[in-house]
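Chain residues, written in single-letter form:
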Amino acid sequence: VTPGAASATYGAATPAFSASYTGYIDGDVSPGSVSGSATWAVGGSFSSGGYACVGSHDVSYGGGLTSSLGYFFADNSASSAELTVTPLSVAVSGVSANNKIYDATRAAMLTGTASVNKFVGDDVSASGGSGAFVDKNVGTGKAVTVSGYTLSGADAGNYSVVQPTGLKANITAKELTLAATAANK
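All of these numbers come straight from a predicted model, not from anything done at the bench.

J.: What is the right way to read the sheet that holds strand β11 (residues 107–108) from this model?
T.: Remark on secondary structure: sheet strands pair via backbone hydrogen bonds, oriented parallel or antiparallel. As summarised here, the arrangement of the five strands in space is β10-β16-β14-β13-β11, forming an open sheet in which the pairing is mixed. Only two strands of the sheet have a single partner each, and these edge strands are β10 (100–101) and β11. Summarising the sheet, β10 and strand β16 (residues 167–172) pair through two bridges and their orientation is parallel. Bridge pairing in β16 links Ile101 to Thr172.

In C-alpha cells form, the structure reads like this:
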C-alpha cells in the first residue's frame, strides 16, 4: 500500500491519504473490493510540541484494510516523502510605535515585548525589529512600517514570521529657541 502525496501546514491535522495498491498475482489487476479504514503513521522529525516538522516525511501504512480477494496489505517501503509540511505564518504582536519630536529622520522607536502565537510546547521567540515612519514630517497618526523581526528557538524553522502591521504614532514639531544679541547703533 502506498499513500498518495499530501501536504499540510505545520501544526495542522494529518491530511487524509489516498491509497494505491501494487503487487498483484495470478493476473489480478486490483485487490478486489477493499474495505476498512487505513491507518497511517508519519515518520521523521517532530517539534517540541509534538507536531511533524517542516519538510518531507515518510508515511507508512499501519493497517485497517481488508481485500475481498484475500490480499494482505503491507506498507510500500520503497515509497517515501509522501507528506510535505510547510511553515505556519505567525504575526509578531505586542509592540507599538512611540510618538516622537521631529528630528529630521524617519526612525521610529518600538516598545513592548514582541511575541508570536505559537503552539504549546514549541520553543519559539521573536526578536529584533525596527520601525520607520512613512516620512520624516510632523503629523498625527502617521503609519509606521516595521521590519527585521526574526524567529529563534529550537522550533523556529516550523514558522515563518509576519512583521507587525497597522502601527501609528505622531511626530510633533520641535520647539526652537531663538537667541538674539542686542547691538548698539
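J.: Would you mind going over the packing of aromatic side chains with me for this structure?
T.: What the rule picks out here adds up to eight aromatic pairs. Plain terms: the ring middles of Tyr10 and Tyr51 are 5.7 Å apart, the flat faces sit at 70° to each other, and that makes the pair edge-to-face. Here the residue Tyr10 occupies a position in the loop between β2 (6–9) and β3 (19–20), and Tyr51 occupies one in the loop between β4 (34–42) and β5 (55–57), the gap between them amounting to 41 residues. A relative accessible area of 1% places Tyr10 in the buried class. Classification of Tyr51 as partly exposed rests on a relative accessible area of 26%. Centroid distance Tyr10 to Tyr159: 5.2 Å. Interplanar angle 70°. Geometry classified as edge-to-face.

J.: How do you make sense of unusual backbone geometry when you look at a structure like this?
T.: Note: most residues except glycine have negative phi, and most peptide bonds are trans. The phi torsion at Asp26 lies on the positive side, around 55°, for a residue other than glycine. Position of Asp26 among the secondary structure elements: in the loop between β3 and β4. On the basis of relative accessibility, which here comes to 74%, the residue Asp26 falls in the exposed class. A positive phi angle, close to 60°, is found at Ala81, a residue other than glycine. Counting through the fold element by element, Ala81 comes out in the loop between β6 (59–67) and β7 (83–86).

J.: Explanation requested: the nonpolar core in the structure shown.
T.: The tendency in soluble globular proteins is for nonpolar side chains to be buried side by side. Within the largest apolar cluster, 28 residues are counted, with the highest numbers of intra-cluster contacts made by Val116, Val144, Tyr149, Leu151 and Leu167. Listing elements by their share of this core, those giving two or more residues are β2, β7, β9 (93–97), β12 (110–115), β13 (125–133), β14 (139–152) and β16. Looking at which element gives the most residues to this core, the answer is β14, with four residues. In contact with Leu151, other than residues within four places in its own chain, are Val90, Val116, Val124, Ser125, Ala126, Ala156, Tyr159, Ser160 and Val161.

J.: Is there a simple way to explain the sheet that holds β2 in this structure?
T.: Here we have three strands laid out as an open sheet, ordered β2-β7-β5, and mixed in their pairing. Whereas interior strands pair on both sides, the edge strands pair on one side only; in this sheet they are β2 and β5. Between one strand axis and the next, the sheet turns through 25° on average, direction left out of account. Of the pairings in the sheet, the one linking β2 to β7 comprises four bridges and is parallel in character.

J.: Looking at this structure, I do not really get the pattern of salt bridges. What am I missing?
T.: Opposite charge on two side chains lets them pair, provided their charged atoms get close. Across all of its chains, the model carries two salt bridges by this definition. Salt-bridge contacts for Asp103 lead to Lys100; the nearest nitrogen and oxygen are separated by 2.8 Å. Note that Lys142 is salt-bridged to Asp135, the shortest N-O span being 2.6 Å.

J.: Help me understand the side chain of Asp155, please; the structure alone is not making it clear to me.
T.: The residue Asp155 is located in the loop between β14 and β15 (159–162) in this model. One buried charged residue, Asp155, forms no salt bridge at all, with the nearest opposite charge on Lys118 at 7.5 Å. Among the polar contacts listed, one links the side chain of Asp155 to the side chain of Ser48, at a separation of 2.9 Å. Once you skip the residues sitting within four places of it in the chain, Asp155 turns out to touch Ser47, Ser48, Gly121, Asp122, Asp123 and Val124.

The rules behind these values
- Counting restarts for each chain: residues are numbered from 1 in the order of the written sequence.
- Local features are withheld for residues below a pLDDT of 70 in this predicted model, meaning they are given only at 70 or higher, and side-chain atom pairs are given and counted only at 80 or more; totals for whole chains, interfaces and linings count all residues.
- Excluded from the side-chain calculation are hydrogens and water; included are all heavy atoms of the structure.
- Pairing between two strands requires that DSSP report at least two bridges joining them.
- By the criteria applied, helices consist of DSSP H or I runs no shorter than four residues and strands consist of E runs no shorter than two, each listed in order from the N terminus.
- Two aromatic rings from Phe, Tyr or Trp, using only the six-membered ring of Trp, form a pair when their centres are within 6.5 Å; if the ring planes differ by under 30 degrees the pair is stacked, by over 60 it is edge-to-face, and anything between is tilted.
- Only protein chains enter the area calculation, which uses a 1.4 Å probe; residues under 20% of their type maximum are buried, those over 50% are exposed, and those in between are partly exposed.
- Working definition of a nonpolar core: buried Ala, Val, Leu, Ile, Met, Phe, Trp, Tyr and Cys residues. They are joined through side-chain atoms within 4.5 Å.
- Whether two residues touch is decided by their heavy atoms; if any such pair falls within 4.5 Å, the residues are in contact.
- Under this scheme, a helix contributes an axis fitted over its contacting stretch, all axes are lines through C-alpha atoms, and angles between N-to-C directions fall in the 0 to 180 degree range.
- Just to be clear on terms, a salt bridge is a Lys or Arg side-chain nitrogen sitting within 4 Å of an Asp or Glu carboxyl oxygen.
- Charged residues are defined narrowly, with Lys and Arg counted positive, Asp and Glu counted negative, and His plus the chain ends left uncounted.
- Polar contacts, as counted here, are pairs of nitrogen or oxygen atoms within 3.5 Å of one another; within protein the pair requires one atom able to donate a hydrogen and one able to accept it, and residues that are adjacent in sequence qualify only if both atoms are side-chain atoms.

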